[in-house]
Amino acid sequence: MTEDETPPENAENDLASRFPTAYTILFCLIALVAALTWIIPAGQYERAMNEEVGREVAVPGTYQTVDPNPQGFVDVMLAPTAGFYDPDSYAANAIDVALFVLFLGGFLGVMNATGAIDTGIRSAMRHLEGHEIWMIPILMTLFALGGTTYGMAEETLAFYAILVPVILAAGYDAVTGVAIILVGAGVGVLGSTINPFATVIAANAAGIPFTDGIVLRFILLIGGLLICIAYVMRYAHRVKADPSRSVVSKQWAAHRKLFLQGHDEEIHSASLTTIQIISLIIFGLTFAVMIWGVSSQGWWMARMGALFFGAAIVIGLIARLGEKKLTGSFVDGARDLLGVALVVGLARGIVVIMEQGMIADTILHSAETSLGGLPELAFINLMFWIEVGMSFFVPSSSGLAVLSMPILAPLADFANVGRDLVVTAYQSANGLVNLINPTFAVVVGGLAIGRVSYDRWLAFIWPLLLILTVFITVVISVGTLL
């Protein structure tokens, strides 16, 4: 790095001062949605249990206005707490995700105490030297497979602290590491094929087999993945050739110091001890067991948290850290991700305000009214944009499916459009928005772990969003005409 590429000592602080933090953005969104509850009329659909979906869903044609419940100052203050746990919500609660993040942080803290990760990164870079760029398509494809098959989202939070240092050591920037995970898994969800939390729930709520329309979804998956891989590889190649072209160039030195702990210059002298090798094997097996548990055993955050907690104890005992260093490292690691855990609750607080203010069904009813009587192409494209708008307020794929599909899918019959196209429009819209959605805990959490500010992420991804939007629009439009 040349002298003029090295940022001044306070460059990161200067950057932060120009754009608000994720905490401020999310709290302002909570206040904004609360203000909307004073403007948008309150309303509700009747709800009935759908046995196939396993939840109560809205009944078409039953919308009626109700007494308003505008959200005031006290409600705004309570929203972050309620975001962690609200038993009456149709969307996912955040307490289990937040606790999982803390256990993950503790696990990483213990691993860092062994020195195995730092030495392992340097050893891996020595062996990959000259071929680092091929990590991008391989890893993005693996994350996309997780996204399309089981909706890999919150689980990706476990990978940022591991992958970002590897990418930095390879000569790229933190944004490249974040993009491999967030865009890789995100495009998989966008092109969900058998994802039970998006495609299956949405299809059941729409009253069709989830296999209807699967060919079109494979086209979205494969085409979208190729587009994303090409975009990230092009960016990474440009950054490695000229670090000043990175969207986080002013944080280049700070990121390398933080993630590589000043040892990136020692890559060629890395040597793992026997204990460190055993620790890394257990480390890798922990992630393999997590993926197995989620994909085939129905595990969720509690079991994943227990897995990382147990693995931390095993690694600490093998590495002979001692009781004090083991517990201290675990607590220090959890402390490092405390901000991420808090962001998760803040993000869910927005949905809580919408539900308590009873404006979610009113917005849905407006969408239902707008779609009536439209021709085929106009119908499916407006459906896509309606789902885009709703995804900002309801980022949960299963929550949005349960909320919108029972109402919007039957409208396709009147427009002579297949209901499977409505499901495809919904999941592609939700997947697209959740690449940048500030109300989605996976986005704000991943960016926080990768130390990439939200404005820098937008600067990186907005051209890709435009390309994907055009691609999705063409695919669903052609699918409607066939």
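Structural notes, computed from the coordinates. (Residues numbered from 1 in each chain as written. Predicted model: local features only at pLDDT ≥ 70, side-chain atom pairs only at ≥ 80, totals over all residues. Heavy atoms only, no water.)

### Points about the overall build of the protein chain
Using the following cut-off: In this description a helix means any DSSP run of H or I spanning at least four residues, a strand means any run of E spanning at least two, and both kinds are numbered starting from the N terminus. Remark: exposure states derive from per-residue accessible area (1.4 Å probe, protein chains only) relative to the maximum for the residue type, with buried under 20%, exposed over 50%, and partly exposed in between. Note that accessible areas follow from Shrake-Rupley with a 1.4 Å probe, and for residues the cover is restricted to the protein chains shown.
Secondary structure summary: the protein chain contains 22 helices and 4 strands in total. In the protein chain, which comprises 482 residues, the proportion classed as buried is 56%. On the protein chain, roughly 19,900 Å² of surface is accessible, and the fraction owed to carbon and sulfur atoms is 65%.

### Thoughts on the packing of helix α6 (residues 135-150) against helix α8 (residues 174-190)
As a reminder, the rule being used: Lines fitted to the C-alpha atoms define the axes, with helices restricted to the stretch that makes contact. Angles between their N-to-C directions range from 0 to 180 degrees. By convention the crossing between two helices is left-handed if the near helix lies anticlockwise of the far one by an angle smaller than a right angle, and right-handed if it lies clockwise. Any two residues whose heavy atoms approach within 4.5 Å at even a single point are treated as in contact. Three residue categories are used. Nonpolar comprises Ala, Val, Leu, Ile, Met, Phe, Trp, Tyr, Cys and Pro, charged comprises Asp, Glu, Lys and Arg, and polar comprises the others, including Gly.
Packing of α6 against α8 leaves a shortest axis separation of 6 Å and a crossing angle of 35 degrees. Handedness of the α6/α8 crossing: right-handed. For the pair formed by α6 and α8, the contact residues are Ile 136, Leu 139, Met 140, Phe 143, Ala 144, Gly 147 and Thr 148 on the first element and Thr 176, Ala 179, Ile 180, Ile 181, Val 183, Gly 184, Ala 185, Val 187, Gly 188 and Val 189 on the second. Residue composition of the contact of α6 with α8, grouped by class: 12 nonpolar, 5 polar and no charged.

### Some remarks on the packing of aromatic side chains
Heads up, the condition is: Any two rings among Phe, Tyr and Trp, with Trp reduced to its six-membered ring, count as a pair given centres within 6.5 Å; such a pair is stacked if its planes are under 30 degrees apart, edge-to-face if over 60, and tilted if neither.
What the rule picks out here adds up to 17 aromatic pairs. When the centroid spacing of 5.0 Å and the interplanar angle of 50 degrees are considered together, the rings of Phe 159 and Phe 287 count as tilted. In this pair, Phe 159 sits in the loop between α6 and α7 (160-169) while Phe 287 sits in helix α12 (residues 274-296), placing the two residues 128 residues apart along the sequence. For the pair formed by Phe 159 and Phe 287, the shared burial category is buried.

### What to know about the pattern of salt bridges
The condition is simple: Put simply, a salt bridge is a Lys or Arg side-chain nitrogen that is within 4 Å of an Asp or Glu carboxyl oxygen.
Counted under the stated rule, the structure contains 5 salt bridges. Among the salt bridges present, the one from Asp 361 reaches Arg 47, with a minimum N-O distance of 2.8 Å. Placement of Asp 361 in helix α16 (residues 360-371) and of Arg 47 in strand β2 (residues 47-50) is noted, with a sequence separation of 314 residues between them. Residue classification places Asp 361 among the buried residues on the basis of a relative accessible area of 5%.

### Quick word on the environment of Val 57
When you line up the elements, Val 57 lands in strand β3 (residues 55-58). According to the relative accessible area criterion, Val 57 is buried, its value standing at 9%. Remark: the alpha-carbon pair of Val 57 and Ala 401, spanning 344 residues in sequence, is separated by 9.4 Å. Ignoring any residue separated from it by four or fewer positions in sequence, one finds Val 57 in contact with Glu 46, Arg 47, Ala 48, Asn 50, Val 402 and Pro 406.

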